[in-house]
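One-letter residues, chain by chain:
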Amino acid sequence: MKNIFIYIVLLWSGFAFSQNEQLAQYYYDKGDFEKAKISYEELLNSAPSNTQYFLRTVDCYQQLQQFALAEKMIQERYSRYKQGVFLVELGYNFQLQKNDAKAKNYYDQAIEKIKTNANDVYGIGNSFEKKVLLEYALKAYQTAMQVQPNYNFNFQIGMLYGQLGKTDQMIDLLLTESYNNPQNANLIQTQLSRFMNGETDNTAFKDAMRKALILKTQKDQDVFWNHYLSWFYVQQKEFGKAFIQEKAIYKREPESLSSIVNLSQFALNEDNMETAAEILNFILLNTKDLDLLVQTNYYLIQIKIDKAQEKEYPIIDAELQQLLTTYEITPFTLSLQLIQAHFKAFNLKKPEEGIAIVKSALELNLNDYQEADAKMELGDILLLQEKFNQALIYYSQIQLDLKNDVMSHEASLKAAKTSYYKTDFEWALKQFKELKSANTQLIANDALEYFLLINDNTVADSTQTALKQFAKGDFLLYQNKKTEAITQFQNILKTFKGQEIEAVTMLRLGKIYESLKDYNSALSQYQQIIDHHSDGIYVDEALFFSAEIYNDELKDIEKAKPLYEKVIFNHQDSIYFVDARKKYRELRGDKNL
């Protein structure tokens, strides 16, 4: 019984202590330093050796300009522990009082402390960095390495060079450190990426990086530098230049194509199809691995399909059949079978042939994910045929078989869209609401778009008349019937002029015209949103899409810049904000807002 009582007392004491700490933190964060001081003094009394409580108490004194109390407290702590970090604290206390001479004296003492005990550098260097005393932090690490040559603070020194604006010294030191200690290369590359893609002017930094790496590859024949230069070009999304480096590496080390395969994926993900195709064709010529051959042919045929005109469909159809004849119908060629089924159904308008291909594939010895891929394609083709309920069955099976998997979320999104297409808006809205918090950003963004579409237009029109017509237009788009979809959306604009549905209808029409390369018509739709719906939720998209057309397609930079600028300054919450800022900086040339 006595032990239970002691346990309860200890538990309660721990809880109360935790509560006091949270209260002290609350006052400190709020800027109420008088109350925070009292709370931290109490905490320090109960745990005198706690450095965090000590430093917070000192900070509160300093915030309240009670410098004498702070000095006394630090001096007592230093007398007791003799740690160099408290010399930095004493110096900083005098710096806050504008007594630079005394501050320097204590900072210099801290550096001298490292000379007698190099281990002190960890606390001293960190303290200088926290107080943004960068030159002293630099001196601390350099001193420690002079005293103990086996110590390595090159990473910390390199980062300090960067913060001090000593770009060339930073790059040279960090590149050398990467080469000498390859285990640190990933960490160093992460930090270099931050400098290259940071908020401030980074053009000079990128140029210095490029120059330094090119010089390294010229002076040293080690493929390490080719890898590093390839990495740099990937960061800049210059995949063609990265490919040149990867080919040079492969000629000297032809054991693996993994880096080149990864590069092809980067190019594909960034929609750089021309470079991706070049890389994929190189892979085809240099591998005999069946999986890689199938995967590479899959991506190449997808690129062809995406840019093909209808007259080219018979050639692609024959090529698909030849690939499957060459590599045979097995689980290993499932991706080729499914792309053939999709092409038959959506491009050649032969959905029954597509269904037959998928059903044959499902009879193979597939793993769970392959089976889900096949069922997803089957659901897509059934949806194309307006067999909504049958499509939902297959999407639901994927959701049940692969719970909490990304593929399950994708199936959930398709199921929600199916409900939307069949105008079951109540059920679709519930599904889109749940998917707004999906782990995959693309799925979450897509779900949010449809949630807002249904919700806003239901509030504006409880009969959902306009929304039903809009869903019909979206379904025509899904069926790849663009001409019919244009007619449908144009009719909506005539019938429901001035209503809630108007802006999003213009947005849909704009995207269809873009896909047809009718850029003037697309710009016209977006301009109407900008002019007449500037306070709506689609104006950021209209601005960004217009800027992209002027920048990428019409090459009219002067018209693109102000559109990107409006997204940046008026729509910071837009999902296009980051891309708009990047493009704007590129067009300005100085990479600086």
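In every chain, residue numbers begin from 1 and rise along the written sequence. Where local features are concerned, this predicted model is filtered to residues with pLDDT of at least 70; where side-chain atom pairs are given and counted, the filter is 80 or more; whole-chain, interface and lining totals use all residues. To obtain the side-chain values, all non-hydrogen atoms of the structure were used and water was disregarded.

Thoughts on the pattern of salt bridges
For side chains of opposite charge, pairing can occur when their charged atoms come near one another. Should a side-chain nitrogen of Lys or Arg be within 4 Å of a carboxyl oxygen of Asp or Glu, the pair is scored as a salt bridge. Per the counting criterion, the structure on display carries 25 salt bridges. One salt bridge connects lysine 344 with aspartate 317, and the closest N-O pair in it is separated by 3.2 Å. Of this pair, lysine 344 sits in helix 19 (residues 334-347) while aspartate 317 sits in helix 18 (residues 313-327), placing them 27 residues apart in sequence. In this structure, the salt-bridge partner of aspartate 380 is lysine 414, at a minimum N-O distance of 2.8 Å. You can see aspartate 380 sitting in helix 21 (residues 368-384) and its partner lysine 414 sitting in helix 23 (residues 406-421), a full 34 residues away along the chain. We call a residue buried when its accessible area falls under 20% of the maximum for its residue type, exposed when it is over 50%, and partly exposed in between, using a 1.4 Å probe and counting protein chains only. The class for lysine 414 is partly exposed, based on a relative accessible area of 22%. Shared partners join several salt bridges into a network, and the residues in it are Asp207, Arg210, Glu238 and Lys241. Numbering of helices and strands runs from the N terminus, with a helix taken as a DSSP run of H or I at least four residues long and a strand as a DSSP run of E at least two residues long.

Regarding the confidence of the model for the chain
Per-residue pLDDT for the chain has a mean of 92; in total, 96% of the residues score no lower than 70. By definition, pLDDT measures how confident the predictor is in each residue, and it falls between 0 and 100. Element-level pLDDT for the chain is lowest in helix 1 (residues 2-30), with a mean of 63, against a maximum mean of 98 in helix 20 (residues 351-362). Any two residues whose heavy atoms approach within 4.5 Å are treated as being in contact. Predicted confidence for residues 5-17 stays below pLDDT 50, and this span has 3 contacts to residues more than four positions away or in other chains.

Quick look at helix 4 (residues 67-81)
In this scheme, a helix's expected span is set at 1.5 Å multiplied by one less than its residue total. Compared with the 21 Å implied by 1.5 Å per residue over 15 residues, the 21 Å span of helix 4 between its first and last C-alpha is a close match. Within helix 4 the residues assigned to the buried category are Phe67, Ala70, Met73, Ile74, Arg77 and Tyr78. Across the axial projection of helix 4, the buried residues extend over an arc of 135°, all falling on one side. Away from its buried face by more than 90 degrees, helix 4 exposes Ala68, Lys72 and Arg80. The secondary structure elements touched by the buried residues of helix 4 are helix 2 (33-46), helix 3 (51-63), helix 5 (85-95) and helix 6 (100-116). The positive-phi residue at the C-terminal boundary of helix 4 is lysine 82, with phi of around 60°. Of all possible arcs, the one meant is that of the directions from the helix axis to the C-beta atoms.

What to know about the environment of glutamine 390
Position of glutamine 390 among the secondary structure elements: in helix 22 (residues 388-401). In this structure glutamine 390 comes out as partly exposed when scored by relative accessible area, which is 41%. Remark: the alpha-carbon pair of glutamine 390 and lysine 375, spanning 15 residues in sequence, is separated by 11 Å.

Thoughts on the packing of helix 11 (residues 185-196) against helix 13 (residues 223-235)
Fitted lines through C-alpha atoms serve as axes, helices being fitted only where they are in contact, and the angles separating the N-to-C directions of these axes extend from 0 to 180 degrees. In the contact formed by helix 11 and helix 13, the axes pass within 11 Å of each other and the chain directions differ by 35°. Seen along the crossing, helix 11 lies across helix 13 with a hand that is right-handed. Along its contact with helix 11, which presents Ala185, Ile188, Gln189, Leu192, Ser193 and Met196, the element helix 13 presents Tyr228, Trp231, Phe232 and Gln235. For this classification, the nonpolar set comprises Ala, Val, Leu, Ile, Met, Phe, Trp, Tyr, Cys and Pro, the charged set comprises Asp, Glu, Lys and Arg, and every other residue, Gly included, is treated as polar. Partitioned by chemical class, the residues of the contact of helix 11 with helix 13 number 7 nonpolar, 3 polar and no charged. Note on convention: the crossing is left-handed when the near helix lies turned anticlockwise from the far helix by less than a right angle, right-handed when the turn is clockwise.

Regarding the packing of aromatic side chains
Stacked, tilted and edge-to-face are the three classes applied to pairs of Phe, Tyr and Trp rings, where Trp contributes its six-membered ring and a pair requires centres within 6.5 Å; stacked means planes under 30 degrees apart, edge-to-face means over 60, and tilted covers the rest. Counting across every chain of the model gives 40 aromatic pairs. Plain terms: the ring middles of phenylalanine 544 and phenylalanine 545 are 6.3 Å apart, the flat faces sit at 65° to each other, and that makes the pair edge-to-face. The class for phenylalanine 545 is buried, based on a relative accessible area of 10%. Among the aromatic residues, those joined into a cluster by ring pairs are Phe346, Phe388, Tyr420, Tyr421, Phe425, Phe432, Tyr450, Phe475 and Tyr478. One cation-aromatic arrangement involves lysine 82 over tyrosine 78; the distance from NZ or CZ to the ring centre is 5.5 Å. Lysine 511 extends its terminal NZ or CZ atom over the ring of phenylalanine 545, reaching a point 4.0 Å from the ring centre. Consider the ring centre and the ring normal. A charge sits over the ring if Lys NZ or Arg CZ is within 6 Å of that centre and within 35 degrees of that normal.

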